[in-house]
Amino acid sequence: MEQTEVMKPETLDDLIKILHKIFESDNINVEEVQNIMEAYDSNPQEWMKFAKFDQFRYTRNLVDEGNGKFNLMILCWGEGHGSSIHDHTDSHCFMKLLQGQLKETLFEWPDKKTCNMVQKSQRILQTNQCAYINDSFGLHRVENASHTECSASLHLYSPPFQTCQTFDQRTGHKNTVKMTFWSKFGERTPFETTVSQENN
Amino acid sequence: MPAQFLKLQRLQSLSLGGNRLQSIPAEIENLTSLELLYLGGNLITSIPPELANLPYLSYLVLCDNRIQGVPPQLTRLHSLRSLSLHNNLLTYLPREILSLVHLQELSLRGNPLVVRFVKEMTYDPPSLLELAGRTIKSRNVPYSPCDIPCHLLHYLDLASKCPNPKCAGVYFDSCVRHIKFVDFCGKYRLPLMHYLCSPECTSPCNSNPQSDAESEDEISVPADRLQKVLLG
């Protein structure tokens, strides 16, 4: 039986190194990744350079491309910013709170008869907590419910994906959308990002 | 809001989120430099039409309030880029919202938006006075102060043009609410309401009149306004 050492990442760079090592294997132990991400105590000095906020909507800021095995990015949520209801294109999705709080609402996949999409659960994730989701769990919407504080979250997606589906809560109607980055490795990438058509 | 706030003519950004404001004063229009207005998480029940007089307003946040209606005057906010209305009490939006051509972000989740619209089965027909007034106005029947009493002259002056640009008709007191479902700003089938002079008045987009009570026409947004999505 393979022994996996659970080391506490002291810095963000540490965390990235450990993640690279874990993802050398093709078998992902979800709990292991979740624990490692949760064990990193968020230090804004280490990730501030990636965290570019936008006035109008939340931003996705690429931090590391994980040797093609995963994408690691920081999402910056201004007051009241929220996402569509979306899926994860058959990938693992880990989401760790670096600052502030985020509200996660889980939904059932809609079927042909769906009117209002069925909400499964809702929770508020606290700073440093790490959540996990994949398509078998359902769909989710993530939002910063605070009117006074910004939030930032660290996301790991494996394998990386560029498109996903968004869902209209009232009708279950879905759209395939292409995902873009506000910045990559700390540099703003304006020609890649255009304005959103988030259904929220 | 303290009255002194409403004199800050160079103020560009005002954030009052998470308080207990119950209304927005009409004097908000005095903040003529305002670009960002964040009023999310209050107890606001209505939006004053004077808000539309802010020429530079590009980011308007009214989420998590108790708003039941959006005044059609907000269509004058030509600079509006982002409008946050989620978690309110809206059942439909005014059709005029379609003219906000720079609007790129619109949040509406958590509102009891209607999904079906059934034409009102009980329609209060216009009064005989209104029917006569409509005929005179729409057929340009000439009249002068020596022909009719002055109270009727005054009444005829109150005629409003039917909002349907293809209808040459007018109405006085009697009009009907009409809802169409429109894909707009990343949203699917938003209920947009406007008034028509009568249930038979055809809307400009109604190229295929439907036999059932629902109006399902969709106005699609031009392709150059469809944008990529950022997702978490």
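Just so you know, these numbers come straight off a predicted model, no measurement behind them.

### Some details on the domain arrangement of chain B
All names here are of chain B.
Argument step 1. According to the domain assignment, chain B consists of domain 1 (3-115) and domain 2 (118-232).
Argument step 2. The interface of domain 1 with domain 2 comprises 20 residues on the first partner and 18 residues on the second.
Argument step 3. Summed over the three residues of domain 1 that lose the most area to domain 2, namely Tyr-92, Arg-95 and Leu-98, the buried surface amounts to 46% of that side.
Argument step 4. There are 0 salt bridges connecting domain 1 and domain 2.
Argument step 5. The interface formed by domain 1 and domain 2 holds 7 residue pairs in polar contact (both at pLDDT 80 or more) in total.
Argument step 6. Breaking the side of domain 1 that touches domain 2 down by element, the ones donating at least two residues are β5 (93-94) and β6 (105-107).
Argument step 7. The leading source of residues in the side of domain 1 that touches domain 2 is β6, at 3 residues.
Argument step 8. Here the side of domain 1 that touches domain 2 is composed, by residue class, of 13 nonpolar, 4 polar and 3 charged.

### Observations regarding the pattern of salt bridges
Argument step 1. A complete count under the given rule lists 7 salt bridges over all chains for this structure.
Argument step 2. B:Arg134 is paired through a salt bridge with B:Glu130; the nearest N and O atoms lie 3.1 Å apart. Taken together, the residues B:Arg134 and B:Glu130, both in helix α1 (residues 128-138) and 4 residues apart, mark about one turn of the helix.
Argument step 3. For B:Glu130, a relative accessible area of 1% translates into the label buried.
Argument step 4. Salt bridges linked by common partners bring A:Arg57, B:Arg81 and B:Glu105 together as one network.

### Structural notes on the UniProt feature "binding site: Fe cation" (unreviewed entry) in chain A
Residues and elements named next belong to chain A.
Argument step 1. Here the UniProt-annotated "binding site: Fe cation" (unreviewed entry) positions come out as His-86, His-88 and His-140. These annotated residues cover 55 residues of sequence, and their C-alpha atoms all fall within 9.3 Å of one another, placing them together at a single site.
Argument step 2. Relative to the helices and strands, His-88 resides in the loop between β3 (85-86) and β4 (92-99).
Argument step 3. The class of His-88 is buried, set by a relative accessible area of 0%.
Argument step 4. The topology assignment puts His-140 in strand β8 (residues 139-143).
Argument step 5. When sequence neighbours within four positions are dropped, the list of residues in contact with His-140 reads Ser-84, Ile-85, His-86, His-88, Glu-104, Thr-105, Leu-106 and Ile-133.

### With respect to the sheet that holds β4(A)
Residues and elements named next belong to chain A.
Argument step 1. What the 7 strands build is an open sheet, ordered β7-β4-β9-β2-β1-β12-β13; its pairing is mixed. Every interior strand has two partners, whereas the edge strands, β7 (130-133) and β13 (187-188), have only one.
Argument step 2. Two elements, strand β1 (residues 59-64) and strand β12 (residues 183-184), share 2 bridges in a ladder whose sense is parallel. Within the sheet, the bridge partner assigned to Leu-62 lies in β12 and is Lys-184.
Argument step 3. Strands β4, β7 and β9 (151-158) of the sheet are contacted by helix α2 (residues 30-39), whose axis makes an angle of about 15° with β4.

### Observations concerning the interface of chain B and chain A
Argument step 1. Contacts between chain B and chain A engage 37 residues on the former and 43 residues on the latter.
Argument step 2. Overall, the association of chain B and chain A removes approximately 3400 Å² of surface from exposure, summing both partners, and the carbon and sulfur fraction of that is 52%.
Argument step 3. Linking chain B with chain A are 2 salt bridges.
Argument step 4. A:Glu143 is the salt-bridge partner of B:Arg109, the closest N and O atoms lying 2.6 Å from each other.
Argument step 5. At the surface where chain B touches chain A, the tally comes to 11 residue pairs in polar contact (both at pLDDT 80 or more).
Argument step 6. Listed by contribution, the elements that provide at least two residues to the side of chain B that touches chain A are β2 (36-38), β6 and β10 (187-196) of chain B.
Argument step 7. If you tally residues by element for the side of chain B that touches chain A, the top one is β10(B), at 5 residues.

Here is what the cut-offs are and how they apply
Residues numbered from 1 in each chain as written. Chains lettered and ligands numbered in written order. Predicted model: local features only at pLDDT ≥ 70, side-chain atom pairs only at ≥ 80, totals over all residues. Heavy atoms only, no water. Domains from an automatic or database assignment. Contact = heavy atoms within 4.5 Å. Buried area = accessible area lost by both parts, 1.4 Å probe. Salt bridge = Lys/Arg side-chain N within 4 Å of Asp/Glu carboxyl O. Polar contact = N/O pair within 3.5 Å; in protein donor to acceptor, adjacent residues only side chain to side chain. Helix = DSSP H or I, 4+ residues; strand = E, 2+ residues; numbered from the N terminus. Nonpolar A, V, L, I, M, F, W, Y, C, P; charged D, E, K, R; others polar. Buried < 20%, exposed > 50% of the residue type's maximum accessible area, 1.4 Å probe, protein only. UniProt positions renumbered as here; feature names shortened; annotations may be inferred. Pairing = 2+ DSSP bridges. Axes fitted to C-alpha atoms, helices over the stretch in contact; angles between N-to-C directions.

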